[in-house]
Amino acid sequence: MAKLKKTTAEPPVARGLAAKAARPPLVRMVRIHEALTAEKYPNCSTMARDLEVTTKTIQRDIEFMRDQLALPIEYEPVERGYYYAASVAQFPMVTVSQGELVALLVAQKAVEQYKGTPFERPLNAAFDKLVSSLGEEENISLHELSEAVSFRTTGVPHGQIATFEVLADAVMKHQRVEFDYISMTAKTSERRSVEPYHLPCIGNQWYLIGYDRNRNGIRTFALPRIQGARNLGKTFEKPEDFSVADMLEGSFSAFQAGKTETVRLSFTQAVARLVEERQWHKSQKIRTMPGGKLELSMKVGIAPDLIAWILGWGGEVEVLDPLSLREKVRKTGQEIAGKNF
């Protein structure tokens, strides 16, 4: 991998990454390595005092360096300290390729989207461990690349940290939950008793999938519309045949699909390339039409998320099939027009 030169002024993100890379336990081991290389005969007491940690921590670091990193560390009773019994050129670091660095950077940027959520702390901790294992050259490259990639999302829902923590705990423990829920069309909330199965994140929105005891069936709940969630502590048996992949097999996005139908849409030349560049559904098929138009067909269930997506294209799309979907889009479009004109 070609070495990138370090700039004199590092951006804030780069400085943050540098700070992460200089955290223990790696920093302690490097300091121990430096003392061993300088033949200072460091021991647990002196290193613990210098690094402001316990002697047991230093002992574990030395054991890791000797047993896991295969460094020739031995103890000298006369000097009352450790030394290298053989020559060690440099402290072993992880070497990665440029492509792996980019992948690591993308992962770090993705972590930034979860600030303020229960995922922030464990994700940052995991990323710190990855970065701390890199050598100086890789860290320099990572700092240089930090300005090259970013994520920007719109319509991100308000944080539901407390709700998420209650539901995640219940999902893991297979325990029933209870909460007030207001559906898209309802004016008031309704108490629900649910056996939670899964927490998917779809389109930057968290959902709860579980067995609704009030409706006697599996339902999907949007977390922002859940209030007063509490774990009842009553365990349940999750069906062995339950599969989120199977449940959402014919869904366009988050809404569970019952009957699936072949949907055919015609897009104008103005947006044809935009449509063609992305995969909207795994069943999609694209066909070029006369005049630069494009036809997109896919087998999905007719649900609000599909209708909302179609309406988002405005006058650049026409529903060809099925007629029931064409009628729903037409009525929704008329309602929008009636409220805005």
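**What to know about the overall build of the protein chain**
In step 1: Counting secondary structure elements, the protein chain contains 12 helices and 12 strands.
In step 2: When each of the 341 residues of the protein chain is scored for burial, the buried share is 37%.
In step 3: Look at the contacts in the protein chain between residues 6 or more apart in sequence, and 61% of them connect residues 24 or more apart.
In step 4: Of the accessible surface of the protein chain, which amounts to about 20,500 Å², a share of 51% is contributed by carbon and sulfur atoms.

**Focus: the pattern of salt bridges**
In step 1: For the structure on display, the rule yields 15 salt bridges.
In step 2: The closest approach of N and O atoms between R192 and D212, which form a salt bridge, is 2.6 Å. Taken together, the residues R192 in strand β4 (residues 190–198) and D212 in strand β6 (residues 205–212) connect sequence positions 20 residues apart. Comparing R192 with D212 shows no difference in burial state: the two are buried.

**Digging into the nonpolar core**
In step 1: If you look at the biggest cluster of nonpolar residues, it comprises 26 residues, and the most contacted ones within it are L167, F179, L199, L208, F221, L223 and I226.
In step 2: Listing elements by their share of this core, those giving two or more residues are α8 (161–173), β3 (175–181), β4, β6, β7 (217–222), β8 (226–235) and α9 (244–247).

**Details of the side chain of T163**
In step 1: On the secondary structure map, T163 appears in helix α8.
In step 2: The exposure class of T163 is buried, given its relative accessible area of 11%.
In step 3: Beyond its immediate sequence surroundings of up to four residues, T163 is in contact with L223, I226 and A229.

**A few points about the packing of helix α2 (residues 26–37) against helix α3 (residues 44–51)**
Pairs of packed helices are described in terms of their axes, by the angle between the two and the distance that separates them.
In step 1: Following both chains from N to C, one finds α2 and α3 inclined at 130°, their axes separated by 11 Å at the closest point. As the angle between them shows, α2 and α3 are arranged oblique. When the axes of α2 and α3 are compared, the crossing they make is right-handed. Between α2 and α3, the residues in contact are R28, R31, I32 and A35 and M47, D50 and L51, respectively.
In step 2: Classifying every residue of the contact of α2 with α3 by side-chain character gives four nonpolar, no polar and three charged.

**Considering unusual backbone geometry**
In step 1: In this structure, the amide linkage connecting D321 to the following residue, P322, adopts the cis form with an omega of -5°.
In step 2: In this structure, P322 sits in the loop between β12 (317–321) and α12 (323–340).
In step 3: You will see that H174, though not glycine, has its phi angle at about 55°, which is positive.
In step 4: Its location among the elements puts H174 in the loop between α8 and β3.
In step 5: Taking the relative accessible area as the measure of exposure, H174 reaches 33% and is therefore partly exposed.
In step 6: Positive phi outside glycine occurs at N216, with the angle close to 55°.
In step 7: Positionally, N216 belongs in the loop between β6 and β7.

**Focus on the packing of α2 against helix α4 (residues 55–67)**
In step 1: In contact at an axis separation of 10 Å, α2 and α4 are set at 75° when each is read in the N-to-C sense. One finds that α2 runs roughly perpendicular with respect to α4. Contacts between α2 and α4 pair R28, M29, I32, H33 and L36 from the former with T57, I58, D61, I62, F64 and M65 from the latter.
In step 2: Across the contact of α2 with α4, the residue classes break down as seven nonpolar, two polar and two charged.

**Quick word on helix α10 (residues 269–276)**
In step 1: Burial in α10 covers these residues: V271, A272 and V275. Along the axis of α10, the buried positions cluster into a sector of 130°, meaning they face one direction only. In α10, the exposed residues that point more than 90 degrees away from the buried face are Q269, A270 and R273.
In step 2: On its buried face, α10 sits against β9 (260–267), β10 (285–288) and β11 (294–301).

**Notes on the pairing of β11**
In step 1: Of all the eight residues making up β11, seven are buried; the element is thus mostly covered by neighbouring parts of the structure.
In step 2: For β9 and β11, the ladder comprises eight bridges, and the chain directions are antiparallel. Opposite V263, over in β11, you have M298 as the bridge partner.
In step 3: Of the pairings in the sheet, the one linking β10 to β11 comprises four bridges and is antiparallel in character. Residue pairing across strands places I286 opposite L296, the latter belonging to β11.
In step 4: Hairpin connection between β10 and β11: a loop of five residues separates the two successive antiparallel strands, and G291 in this loop has a positive phi of roughly 80°.

**Structural notes on the confidence of the model for the protein chain**
Note that predicted coordinates carrying low pLDDT should not be read in detail.
In step 1: In this model, the protein chain carries an average pLDDT of 79, and 72% of its residues clear a pLDDT of 70 or more.
In step 2: Of all the helices and strands in the protein chain, helix α1 (residues 12–21) carries the lowest mean pLDDT, 41, while β3 carries the highest, 95.
In step 3: Every residue in residues 1–23 scores below 50 in pLDDT, and together they form 45 contacts with partners more than four places removed in sequence or on other chains.

**With respect to the packing of aromatic side chains**
In step 1: Evaluated as defined, the whole model comprises 14 aromatic pairs.
In step 2: Geometrically, the ring pair formed by Y197 and F236 is tilted, given 6.0 Å between the ring centres and 40° between the ring planes. Linking Y197 in strand β4 with F236 in the loop between β8 and α9, this pair joins segments that are 39 residues apart in sequence. Residue Y197 shares its accessibility class with F236, and that shared class is buried.

About the criteria used
Residues numbered from 1 in each chain as written. Predicted model: local features only at pLDDT ≥ 70, side-chain atom pairs only at ≥ 80, totals over all residues. Heavy atoms only, no water. Helix = DSSP H or I, 4+ residues; strand = E, 2+ residues; numbered from the N terminus. Buried < 20%, exposed > 50% of the residue type's maximum accessible area, 1.4 Å probe, protein only. Contact = heavy atoms within 4.5 Å. Areas by Shrake-Rupley, 256 points an atom, 1.4 Å probe, with all protein chains shown as cover. Salt bridge = Lys/Arg side-chain N within 4 Å of Asp/Glu carboxyl O. Core = buried A, V, L, I, M, F, W, Y, C linked by side-chain atoms within 4.5 Å. Axes fitted to C-alpha atoms, helices over the stretch in contact; angles between N-to-C directions. Parallel < 35°, antiparallel > 145°, perpendicular 65-115°, else oblique. Left-handed = near helix turned anticlockwise from the far one by under 90°. Nonpolar A, V, L, I, M, F, W, Y, C, P; charged D, E, K, R; others polar. Arc of directions from axis to C-beta. Pairing = 2+ DSSP bridges. pLDDT = per-residue confidence, 0-100. Phe/Tyr/Trp six-rings, centres within 6.5 Å; stacked < 30°, edge-to-face > 60°.

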